[in-house]
Every structure is written in C-alpha cells, then in structure tokens.
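# Examination of the molecular architecture
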Amino acid sequence: MSEKTVVVVDQFTKRVGTVQRRGWYPIGSNPTIETSNSWKKVTVLGAVTDDGDSFYFWTEENLNRFHGIRLLEALKEKFGEELVVFLDRAGYFYARDLWEHVSGERATETVGDSSVACVRGDGLEVWYFPSKLPELNPVEGCWDQLNEWFKHRLIPDLPRLKQHLARGISQINEPNIWNYLCP
C-alpha cells in the first residue's frame, strides 16, 4: 500500500480595485486616492500538502461543482494517485456530483446524506471541515499573507490583477498543515 498525500484546499477571491482603509492626515488637508471598483474578479483555488508543496490556479468564472471536480483531478495529477483532501463546505465542494465523482457510484450512503463528513473513492478520500470554522483550514493563512501583500495596491484592470496575483502567490510561505489538523 502506498503512502497517501494529505492536501488542504481553500479559495480566495480578489476583485479589480483597491482596499480602502482609514488613515490619519493633517488637519485641513484633503487627501485623495484613486480607486476603482469593478465586478471583475479572479478566484484562486489553493492547495497545500503535508510535505509543504503547494498548487494554485485561478479562474474568472464563478465556481461551481465542476470546478471542484476538476480541482480534484488536477490534485491527483500533481500530487499522485493516493490523496486525502480536506475541503470546506462551499457549495462547489460540498456537492452530490463531486461525491459521486469521488465514490464512483451514483447512489451511496454519503451521497444522500446532508451531513457528509467524508467521501471515499479509489485512491481518494475527501474530508470536510466543520461549518463556520475557517481557522481550522491552514490555507486561510496563505490568504492572510496574500491580503497583506495586496494592501494599499490599486488594481485597475483584470490583466494587472492576474500579474499581481502571480507575484503575490510567489511570496506566500505555506504553513505546516499538521499544526492546524492535529493541534
């Protein structure tokens, strides 16, 4: 039996624009900052393994269950055939089609259950974090670093957002996932 790789996954959305923060300015001054607000966005799916490897990809589309399935396929291709993947309960991860993809069966005990904690398939186990506890997910720390990296940066358009994302992601220090999973 081969050793399984443990992978933790989460998502991060960044919109074209800037983060606006309050500041202190001299009395009588009239500071201005150029801002841009837009519906255009990029959602990043990020994964960190128990070995400290990482995998990030992004899309401009709204995530759905097919993105979750494609993510699992990409993780198997990147990290090997034997995976244990931890996901949050976002609708695109916590979906019947994804469970059926993992288990290989249309009707399973877990597929009909609204309180699914784990789905098992051939070489793949998907475990779900409890609801409303993002602090259990180590990838949240990656997004904290990315938010800090974006602080006070104006992102005027989608191409520049993608450039900044690539630079920001390269600055992330991936956490040790066991500090989160086994406190």
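Reading the values: the criteria
- Residues numbered from 1 in each chain as written.
- Predicted model: local features only at pLDDT ≥ 70, side-chain atom pairs only at ≥ 80, totals over all residues.
- Heavy atoms only, no water.
- pLDDT = per-residue confidence, 0-100.
- Helix = DSSP H or I, 4+ residues; strand = E, 2+ residues; numbered from the N terminus.
- Phe/Tyr/Trp six-rings, centres within 6.5 Å; stacked < 30°, edge-to-face > 60°.
- Buried < 20%, exposed > 50% of the residue type's maximum accessible area, 1.4 Å probe, protein only.
- Expected span 1.5 Å × (residues − 1).
- Arc of directions from axis to C-beta.
- Contact = heavy atoms within 4.5 Å.
- Polar contact = N/O pair within 3.5 Å; in protein donor to acceptor, adjacent residues only side chain to side chain.

## So, the confidence of the model for the protein chain
Confidence in the prediction for the protein chain averages 86 pLDDT; 87% of positions are at 70 or higher. Ranking the helices and strands of the protein chain by mean pLDDT puts strand β4 (residues 83–87) first, with 96, and helix α5 (residues 178–181) last, with 88.

## Looking at the packing of aromatic side chains
For any pair of aromatic rings, the description consists of the separation of the ring centres together with the inter-plane angle of the planes. Within this structure, the stated rule accounts for 9 aromatic pairs. Here F86 and F129 contribute two aromatic rings whose centre-to-centre distance is 5.7 Å and whose plane-to-plane angle is 35°, an arrangement assigned as tilted. Highlighted residues: F86 in strand β4 and F129 in the loop between β6 (124–128) and α3 (139–150), separated in sequence by 43 residues. Exposure class is identical for F86 and F129. Each is buried.

## Topic: helix α4 (residues 158–170)
When the terminal C-alpha atoms of α4 are compared, their 19 Å separation across 13 residues agrees well with the 18 Å that a helix rising 1.5 Å per residue should span. Burial in α4 covers these residues: L158, L161, H164, L165, G168 and I169. The buried residues of α4 occupy an angular sector of 130° when projected down its axis, which confines them to one face. Of the exposed residues in α4, those oriented more than 90 degrees away from the buried face are P159 and S170. In this structure, the buried residues of α4 make contact with β1 (5–15), β2 (41–49), β3 (54–59) and α3. N-cap assignment for α4: the residue whose side-chain oxygen lies 2.9 Å from the backbone N of R160 is D157.

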